[in-house]
Amino acid sequence: MIKFFRHIRQTLIMENKTSKYLKYAIGEIVLVVIGILIALSINNWNENRKERIEEQYLLIQLELEFKSNLEQLDEKIAIREQMIKASLQLLDYIDNPSQRNNDSIIKYITHTINSPTFDPILNDLISSGKLQLLQNNRLKQLLSFWTSEIIQVTEDENAWRKLAADVYFPFLKAHINYRNVLANYWKTNRVNAVLIDKNQKTELNLTPSKYIEDISKLLDITDFEDHLADCATWNKLVNIQSETLRNRILEILKLIQQELN
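To keep things clear, this report deals only with the structure shown in the data block. Quick caveat: nothing in here was measured; it's all calculated off a predicted structure.

Rules of the game
Residues numbered from 1 in each chain as written. Predicted model: local features only at pLDDT ≥ 70, side-chain atom pairs only at ≥ 80, totals over all residues. Heavy atoms only, no water. Helix = DSSP H or I, 4+ residues; strand = E, 2+ residues; numbered from the N terminus. Buried < 20%, exposed > 50% of the residue type's maximum accessible area, 1.4 Å probe, protein only. Contact = heavy atoms within 4.5 Å. Areas by Shrake-Rupley, 256 points an atom, 1.4 Å probe, with all protein chains shown as cover. Salt bridge = Lys/Arg side-chain N within 4 Å of Asp/Glu carboxyl O. Axes fitted to C-alpha atoms, helices over the stretch in contact; angles between N-to-C directions. Parallel < 35°, antiparallel > 145°, perpendicular 65-115°, else oblique. Left-handed = near helix turned anticlockwise from the far one by under 90°. Lys, Arg positive; Asp, Glu negative; His and termini not counted. Core = buried A, V, L, I, M, F, W, Y, C linked by side-chain atoms within 4.5 Å. Phe/Tyr/Trp six-rings, centres within 6.5 Å; stacked < 30°, edge-to-face > 60°. Polar contact = N/O pair within 3.5 Å; in protein donor to acceptor, adjacent residues only side chain to side chain. Nonpolar A, V, L, I, M, F, W, Y, C, P; charged D, E, K, R; others polar. Patch = residues over 30% accessible without salt bridge, like charges linked within 9 Å, V, L, I, M, F, W, Y side chains within 5 Å.

### Quick look at the overall build of the chain
At step 1: Along its length, the chain carries seven helices and zero strands.
At step 2: Shown N-terminal to C-terminal, the secondary structure of the chain runs as helices and strands in the order α-α-α-α-α-α-α.
At step 3: Considering the chain as a whole, with its 261 residues, one finds that 36% of them fall into the buried category.
At step 4: Across the chain, every contact between residues at least 6 apart in sequence was considered, and the portion connecting residues at least 24 apart equals 83%.
At step 5: Element-wise, carbon and sulfur atoms account for 55% of the exposed surface of the chain, whose accessible area totals about 16100 Å².

### Digging into the pattern of salt bridges
At step 1: Going through the model one piece at a time under the given rule, you end up with seven salt bridges.
At step 2: Of the charged contacts, one joins Arg 248 and Glu 149 as a salt bridge, the two residues approaching to 2.7 Å between their closest N and O atoms. Taken as a pair, Arg 248 in helix α7 (residues 222-260) and Glu 149 in helix α5 (residues 137-175) lie far apart in primary sequence, 99 residues in all.
At step 3: The exposure class of Arg 248 is partly exposed, given its relative accessible area of 26%.

### A short note on the packing of α5 against α7
At step 1: The interhelical angle for the contact between α5 and α7, taken along N-to-C directions, is 165°, at an axis separation of 10 Å. Classed by the angle they form, the pair α5 and α7 counts as roughly antiparallel. Where α5 crosses over α7, the two elements pack in a sense that is left-handed.

### What about the side chain of Asp 156?
At step 1: Take Asp 156: it is sitting in helix α5.
At step 2: The charged side chain of Asp 156 is buried without a salt bridge, its nearest counter-charge being Arg 80 at 9.3 Å.

### Some details on the nonpolar core
Proteins that are soluble and globular tend to have nonpolar side chains buried together.
At step 1: Grouped together as the largest cluster of nonpolar side chains are 28 residues, with contacts concentrated most on Leu 90, Ile 109, Tyr 168, Leu 172, Leu 218 and Phe 224.
At step 2: Of all the secondary structure elements, the ones that give two or more residues to this core are α2 (18-95), α3 (102-112), α5, α6 (178-187) and α7.
At step 3: In terms of residue count, the dominant contributor to this core is α2 (seven residues).
At step 4: Setting aside its immediate chain neighbours within four residues, Tyr 168 contacts Ile 109, Thr 112, Trp 160, Leu 163, Phe 224, His 227 and Leu 228.
At step 5: Formed by 23 residues, the second largest nonpolar core is a distinct cluster that contains Phe 66, Leu 131, Ile 249 and Ile 256.

### Thoughts on the packing of aromatic side chains
At step 1: Enumeration according to the criterion identifies six aromatic pairs in this entry.
At step 2: Geometrically, the ring pair formed by Tyr 185 and Trp 186 is edge-to-face, given 6.2 Å between the ring centres and 85° between the ring planes.
At step 3: A connected cluster of aromatic rings, assembled from ring pairs, spans Trp 160, Tyr 168 and Phe 169.

### Considering α3
At step 1: Of all eleven residues making up α3, eight are buried, and the element is well covered by its neighbours.
At step 2: Of the positions making up α3, those classed as buried are Ser 104, Ile 105, Ile 106, Tyr 108, Ile 109, Thr 110, His 111 and Thr 112.
At step 3: The N-cap residue of α3 is Asn 101: its side-chain oxygen and the backbone nitrogen of Asp 103 are 3.0 Å apart.

### Remarks on the packing of α3 against α6
At step 1: In the contact formed by α3 and α6, the axes pass within 9 Å of each other and the chain directions differ by 80°. As judged from the angle between their axes, α3 and α6 are roughly perpendicular. Only Asn 180, Val 181, Asn 184 and Tyr 185 of α6 make contact with α3, whose side of the interface consists of Ile 106, Lys 107, Ile 109 and Thr 110.
At step 2: When the residues that make up the contact of α3 with α6 are grouped by side-chain class, the tally is four nonpolar, three polar and one charged.

### Brief notes about the side chain of Ser 209
At step 1: For Ser 209, the location among the structural elements is in the loop between α6 and α7.
At step 2: Those residues within four positions of Ser 209 in sequence are excluded, and the remaining contacts are Asn 177, Arg 179 and Asn 180.

### Side note on a nonpolar patch on the surface
At step 1: The grouping of Leu 182, Leu 204 and Leu 206 at the surface amounts to a nonpolar patch, some 220 Å² of accessible area in total.
At step 2: You can see Leu 206 is positioned in the loop between α6 and α7.

### Topic: the environment of Trp 146
At step 1: The residue Trp 146 is located in helix α5 in this model.
At step 2: Taking the C-alpha atoms as reference points, Trp 146 and Asn 123, separated by 23 residues in sequence, lie 9.8 Å from one another.
At step 3: When near neighbours in sequence (up to four residues on either side) are disregarded, Trp 146 contacts Phe 66, Asn 69, Phe 118, Pro 120, Ile 121, Leu 122, Leu 245 and Ile 249.

This is how it looks when you write it as structure tokens:
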């Protein structure tokens, strides 16, 4: 093809047909430009096709991750709801001594010794540059805010976790037989709430203490109701934040589904 065009040019030059040569030269330039544009268009189309394939893969991965995050978050919300209800019930026992029952007291105390934490899967899209593959601007915005919104939840979680470890648990150990609380913890399989694998075998033959105690006396200690108020308050605050985070996850999953469809 190149030899063909070269032959035409040489013929026109030899015949001294300048005007025809100029027209031909312009035509040849136009053809070259068109060829380049077609090549660029094909290359752009191919790159775009590759990006859309990669975007679909990324969306599928994100869908799996956020479904897992939602499941874990719901579990932690449910655990905290039990902690809140247990704290309020124990406060009711404090206010109404005639309703107290030692078995119920130990059961509710067992609920309050949990410190659930949300540990989501984090796909670092921003630093990897893959966030730009997503075409949905709202989805990109939500994903870019995801890490900072998790921090708001974990900060409140850690506040209760530290308060429990530094103040509440030592208080319980100082005023009741803590072995009985832990024995009830294993007996009622409370440990299952914090396990990664829910089907994992969880057995610990921790029997209660042989020493009999009247655990209802704990409810007459003023500091105990303060600890219960802390437990209810902090876990309620975390659940309020968690509900906001849950709504974010639901919106993210909805947008992912729209893009996949």
